[in-house]
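Now for the letters of each chain:
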Amino acid sequence: MPAAQSKASELETLSVEAADIRVTESAWQRVRKNWSVRIGGAALALLLLIAVSAPWLGTVDPTLFDAASRDLVPGQRGEITTLDGEIIKHKFWFGSDSYGRDIYSRVMYGARVSLTVAVLAALLSLAFGIVCGLSAGYLRWLDGILMRFMDGLMAIPAILIAIALVAMWRGSLTTVIIAIAIPEIPRVTRLVRSLVLSIREEPYVEAAVALGTPTWKIMFGHILPNTIAPLVVQGTYICAAAILVEAILSFLGVGLPPDIPTWGNIMAEGRPQFNQYPHNIFIPGVFLAITVLAVNILGDGLRDTLDPKMAKRV
Amino acid sequence: MTDAKLRGSGPVLDVRGLTIALPSGSDRREAVSGASFSVKRGEILCLVGESGSGKSVIAQAVMGLLPDTLPVTGGEIVLEGENVAHAGRERLRELRATRMSMIFQEPMTALNPVMTCGDQIDEVLREHTQLTPEQRRDRILAIVREVALPEPERIIASYPHQLSGGQRQRIMIAMALVLEPALLIADEPTTALDVTTQAQILTLIQDLQQRHGMGVLFITHDFGVVAEIAHRVAVLRLGKLVELGEKDAVLKRPQHAYTKMLIGAVPSLQTHGRAAEGASEPVLRTVGLCKTYYDRGWFGRRREVHAAQDVSIEIRRGQTLGIVGESGSGKSTVARCIIRLIDPTAGEILLHGQDIARMSAAELRPLRRRVQIVFQDPYRSLNPRRTVLEAIIEGPVNYGVRRDKAIERARQLMDLVRMDPASLNRYPHQFSGGQRQRICIARALAQEPELLIADEAVSALDVSVQAQVLDLLEDIRNRLNLAMLFITHDLRVAAQVCDYVAVMSQGRIVEHGPAGQVFGAPRHEYTRALFAAAPGRDFAFGSA
């Protein structure tokens, strides 16, 4: 009898499936190892640090006018009079604009606006896009109506919608964020819908139906978590687009009011004097480019690690 | 062909001590470890193994199709006297199609969907010969005729999607053989095909192999197919060749414990002969169940597809009803109607006499838990982002069972399906296919169903794992006195587990009755054809 038993256990070990018992790295481990993620993430972290610690980076009040220090070139020394009448000696690292405001301070503070707009616009469009996309993809009767509406929205150029909305509501940070987020919603909706359409056919979703799981729980508990990886990637691209659109709106003079320092505002104000003082446009432009590049690199890295299938297609 | 015969009498393919490394971090160091075998002219060598045994890797190595992540680290691959293990790209390109060819499992994805079949065969000729267009066309028509395709003219002008699976595989074979290679590698060429089509393709390969005198390296996991086609058999386990010999020797008198185990796990076509009692009330009955799909065009043209027609079955407690049929026969449609994943077009589904066919979702909800299902694909049946525990307790929690009670029950269920309750907090990707299927069974059982539907539940599993899961299902059905609806295309599996069998073809049940009767003396023509096509039906495995 013991012989038979040992035989049985031997067969049991022989039949162990070989291919599947594989220790795979978790997605997070892969993300951390990826160089695109590291570089893009580091650059963004630096920009975030700048935005947060702007007041302590040797800046002065970015809205402070001083007629005496107008149109200084980068590196020139000058003086600035604060609102209390105090006179500070200041080195204008990035020069000053035609109102005598310190461009270095304005660019540092401008990072706050750009990053806030980027993150909030992305979150807002993702939130609405997820709800619309899940509904359109899972509740088939809603699909036609919702998607035709989204198609209509998509047909209008993004900048045009944003300009119209800001013109309607007056420029403030909230309006600009909403104006940037709305044109992105159809894109997110389309993405989520297409993901839902394939995931809803998965046997685990059908199993959940058979287990009597309510529809909303299936949508948010089973389907949504499986769309997260591509959504994170999409989110970074929205961030990059939002930063650009915010700068464009400010440049066109329909974004945030001129007293708020944003990179777009600085460039817009520097435009008339571009020939004499190119640094007014060049310096905020470089920051804008670096930020967008960093977000895009991060997005590519996340795409490669979170969604390898997508990486192969691109 | 004569040319091939003139090239000396050595083996077509001689693989000596072939070793192929796996990337670091894999479950083992080598995909293939020191495999040695040869394929002689005019011989079919079957390479058998379970998934992950490295059999497809060997095929790719011979064809020079290995990805860079799997380098050949040792040994030789000698094709007609030439070592091709480290041959350059150009040389391999010359050899492919002319001296060695390969056919794949899935003929739809192996063919280019935007080229006609004729053009795809023509491409091979254009690349490797200097024939004129007229000569090429004659060659193409000749080879298409040789693989026994009807209306060759029409076939070569067709696109792959216009042909059936079997016809596509014939095109693949025609393409592989048009330049008369000395070696044909067939990597699971019939796995994606129905059993009757499979029988035809196997006959075709055998026939062509004899006529052309080529060597065939035939890769399969199916011992029925091995019994049908092989001259010699090589058994592969975890990258190592464990047994190599003549077909009869290996299949009837296996030496290695692993081969013995594999062959022991092959279900026989003999029914179990358990007395089926029919006294109790049916748990579920369908009366005239129909499912029709309508395809409405823009201009009012309406196409109807009858997926299931007039299906009447009944299942009692403690009994297993098998629905057997080929793909497209409507067997899964019936299952999905019964569990109301799709709405039937007509007919009744009586659960304890109560018609659930037209119930609204709200009315149906309290009844849902009484019928549960286990699906075919263990890799897609569990949400990858949820732990096993969450998967198992989802159902009970939906019906108001307290979470701690549900967890307690999940532990018991893990025991029941012979898994360690400690692994409840792991994610599905940490389990093998067979283990996942056990988890799916536990998830279904957590609802304490009266009827368990197994929709091809063991079809995606390796034969040894399949045997274990079948054994488990049988055990559970007995212990819990369940009614079971077992849907399968595999007659061997059906013979093992079913008390009653219904054979479906084109949406209709063509024959049904006690398993012993249907298997022993099939009355319907289609049933007989199905049995006749079952590979290795006359072969007694492991006897003698």
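It should be emphasised that the depicted structure is a prediction, and the values quoted were computed from it without experimental measurement.

A. Region of interest: the overall build of chain B. Scanning chain B for helices and strands turns up 21 helices and 21 strands. In terms of overall size, chain B behaves like a compact globule, its C-alpha atoms giving a radius of gyration of 26 Å where 544 residues would be expected to give roughly 24 Å. Oriented by its inertia axes, the alpha-carbon framework of chain B measures out at about 75 × 60 × 45 Å. Of the contacts made within chain B by residues no fewer than 6 positions apart, 71% connect residues no fewer than 24 positions apart.

B. Representation of the overall build of chain A within the structure. Each helix and strand counted, chain A has 13 helices and two strands in total. At a minimum sequence separation of 6, the contacts of chain A that also span at least 24 residues come to 67%.

C. Just the sheet that holds strand E9 (residues 232-237) of chain B, in detail. All names here are of chain B. Overall, mixed pairing links the six strands, which are arranged E6-E7-E8-E3-E9-E10 in an open sheet. A strand with exactly one partner marks an edge of an open sheet, and here the two such strands are strand E6 (100-103) and strand E10 (240-246). Going across the sheet, the axis of each strand differs from the next one's by a mean of 15°, ignoring polarity. The pairing of strand E7 (residues 183-187) with strand E8 (residues 215-220) spans five bridges and is classified as parallel. In the strand pairing of E8, Ile-185 is matched with Leu-217. Its contacts with the sheet place helix H2 (residues 55-63) against strand E3 (44-49), E6, E7, E8 and E9, and it is angled at close to 145° to E7.

D. Main features of the interface of chain B and chain A. The interface of chain B with chain A comprises 39 residues on the first partner and 26 residues on the second. The set of elements that each furnish at least two residues to the side of chain B that touches chain A consists of helix H12 (257-265), helix H14 (361-368), strand E17 (371-374), helix H15 (388-398), helix H17 (433-445) and helix H18 (463-480) of chain B. For the side of chain B that touches chain A, the residue count by class is 12 nonpolar, 16 polar and 11 charged.

E. Summary view of the environment of Leu416(B). Residue and element names in this part refer to chain B. The topology assignment puts Leu-416 in helix H16 (residues 403-416). For the pair Leu-416 and Ile-441, spaced 25 residues apart in sequence, the C-alpha to C-alpha distance is 9.8 Å. With near-sequence residues (within four places) excluded, Leu-416 lies in contact with Ala-442, Leu-445 and Ile-476.

F. Inspection of the sheet that holds strand E20 (residues 500-505) of chain B at higher detail. Residue and element names in this part refer to chain B. Pairing within the open sheet is mixed, and its six strands lie in the order E17-E18-E19-E14-E20-E21. Edge positions in the sheet fall to E17 and strand E21 (508-514), since each of these pairs with one other strand and no more. When the angles between neighbouring strand axes are averaged without regard to direction, this sheet yields 15°. Here E17 runs beside strand E18 (residues 451-455); their pairing, made up of four bridges, is parallel. Residue pairing for E18: Ile-373 is matched across the bridge by Ile-453. Contacts between H17 and the sheet are confined to E17 and E18, with E17 contributing the most and set at about 175° to the helix.

G. Summary view of the confidence of the model for chain B. All names here are of chain B. Of all residues in chain B, 95% have pLDDT values of 70 or greater, and the mean over the chain is 87. Segment residues 1-8: pLDDT under 50, and nine contacts once partners within four positions in sequence are set aside and those in other chains are kept. Two numbers describe this predicted complex: its pTM, 0.80, and its ipTM, 0.79.

H. The pairing of strand E15 (residues 346-351) of chain B, seen in detail. Residue and element names in this part refer to chain B. The two faces of E15 differ: Gly-347, Ile-349 and Leu-351 on one face are buried, but Ala-346, Glu-348 and Leu-350 on the other face are not. Where E15 and strand E16 (residues 354-355) come together, two bridges link them in antiparallel fashion. If you follow Leu-351 over to E16, its bridge partner there is Gln-354. Taking the residues between adjacent antiparallel strands as the criterion, E15 and E16 are bridged by two residues, where His-352 takes a positive phi near 50°.

I. Local environment of the domain arrangement of chain B. Here chain B is described as being made up of domain 1 (9-99 + 182-266), domain 2 (108-180), domain 3 (282-370 + 451-459 + 481-534) and domain 4 (377-448). Summarising the inter-unit geometry, the C-alpha centres of domain 3 of chain B and domain 4 of chain B are found 26 Å apart.

J. Geometry of the environment of Ala294(A). Residue placement: Ala294(A) occurs in helix H12 (residues 279-306). By C-beta crowding, Ala294(A) is classed as buried, having 22 other C-beta atoms within 10 Å.

K. Summary view of the environment of Val48(B). Residue and element names in this part refer to chain B. Tracing the sequence through the fold places Val-48 in strand E3. On a C-alpha basis, the gap between Val-48 and His-221 in space is 5.4 Å, while along the polypeptide they are 173 residues apart. Look past the residues within four positions of Val-48 in its chain and what remains in contact with it is Thr-220, His-221, Phe-223, Val-226, Val-233, Val-235 and Leu-236.

L. Quick look at helix H6 (residues 133-146) of chain B. Residue and element names in this part refer to chain B. The terminal C-alpha atoms of H6, which comprises 14 residues, lie 20 Å apart, in line with the 20 Å expected from a rise of 1.5 Å per residue. What H6 keeps buried is the set Ile-140, Ile-143 and Val-144. Around the axis of H6, the buried residues are gathered within 100° of arc, so they sit on the same side. Looking at H6, the residues exposed on the side facing more than 90 degrees away from the buried face are Glu-134, Gln-135, Asp-138 and Ala-142. For H6, the elements touching its buried residues are helix H5 (117-128), helix H7 (152-156) and helix H8 (165-177). Phi turns positive, to about 60°, at Ala-148, one or two residues after H6.

M. Region of the structure containing the nonpolar core. Ala242(A), Leu183(B) and Leu217(B) are the most contacted members of the largest nonpolar core, which has 234 residues in total. Sorting elements by how many residues they give to this core places helix H4 (residues 103-138) of chain A first, with 18 residues.

N. Highlighting the packing of H4(A) against helix H10 (residues 228-252) of chain A. Residues and elements named next belong to chain A. As a packed pair, H4 and H10 sit with axes 8 Å apart at the nearest point and diverge in direction by 130°. In terms of axis orientation, H4 runs oblique to H10. Where H4 crosses over H10, the handedness of that crossing is right-handed. Contact residues: H4 offers Ser-114, Val-117, Ala-118, Val-119, Ala-121, Ala-122, Ser-125 and Leu-126, while H10 offers Leu-231, Gly-235, Ile-238, Cys-239, Ala-242, Ile-243 and Glu-246. Taken together, the residues of the contact of H4 with H10 break down into 11 nonpolar, three polar and one charged.

About the criteria used
For every chain, the first residue of its written sequence is number 1, and the numbers climb from 1 along that sequence. In the order they appear in the text, chains get letters beginning with A and ligands get numbers beginning with 1. With the structure being a predicted model, the display of local features is reserved for residues of pLDDT at least 70 and the display and counting of side-chain atom pairs for 80 or more, all residues being used for whole-chain, interface and lining totals. For helices the rule is a DSSP run of H or I covering at least 4 residues; for strands it is a run of E covering at least 2, with both sets numbered from the N terminus onward. Just to be clear, the radius of gyration here is over C-alpha atoms, and the globule rule we use is 2.2 Å times residues to the power 0.38. Placing C-beta atoms from the backbone, we regard two residues as in contact once those atoms come within 7 Å. At least two DSSP bridges between two strands are required for those strands to pair. Axis definition: a line fitted to C-alpha atoms, limited for helices to the stretch in contact. Angles are taken between N-to-C directions and run from 0 to 180 degrees. Only Asp, Glu, Lys and Arg are considered charged, only Ala, Val, Leu, Ile, Met, Phe, Trp, Tyr, Cys and Pro nonpolar, and every remaining residue, Gly among them, polar. Residue-level confidence of the predictor is what pLDDT reports, using numbers from 0 through 100. Around each residue's C-beta, the other C-beta atoms within 10 Å are counted; 20 or more make the residue buried, 12 or fewer make it exposed, and counts in between make it partly exposed. All C-beta atoms are placed from the backbone. Boundaries of every domain are those given by an automatic assignment or by a domain database. Here, expected helix span is obtained from the residue count minus one, scaled by 1.5 Å. Comment: arc refers to directions from the helix axis out to C-beta atoms. To form a nonpolar core, buried Ala, Val, Leu, Ile, Met, Phe, Trp, Tyr and Cys residues must be joined through C-beta atoms within 7 Å. Each angle gets one of four labels, with under 35 degrees taken as roughly parallel, over 145 as roughly antiparallel, 65 to 115 as roughly perpendicular, and the rest as oblique. Less than a right angle of anticlockwise turn of the near helix away from the far helix marks a crossing as left-handed, whereas a clockwise turn marks it as right-handed.

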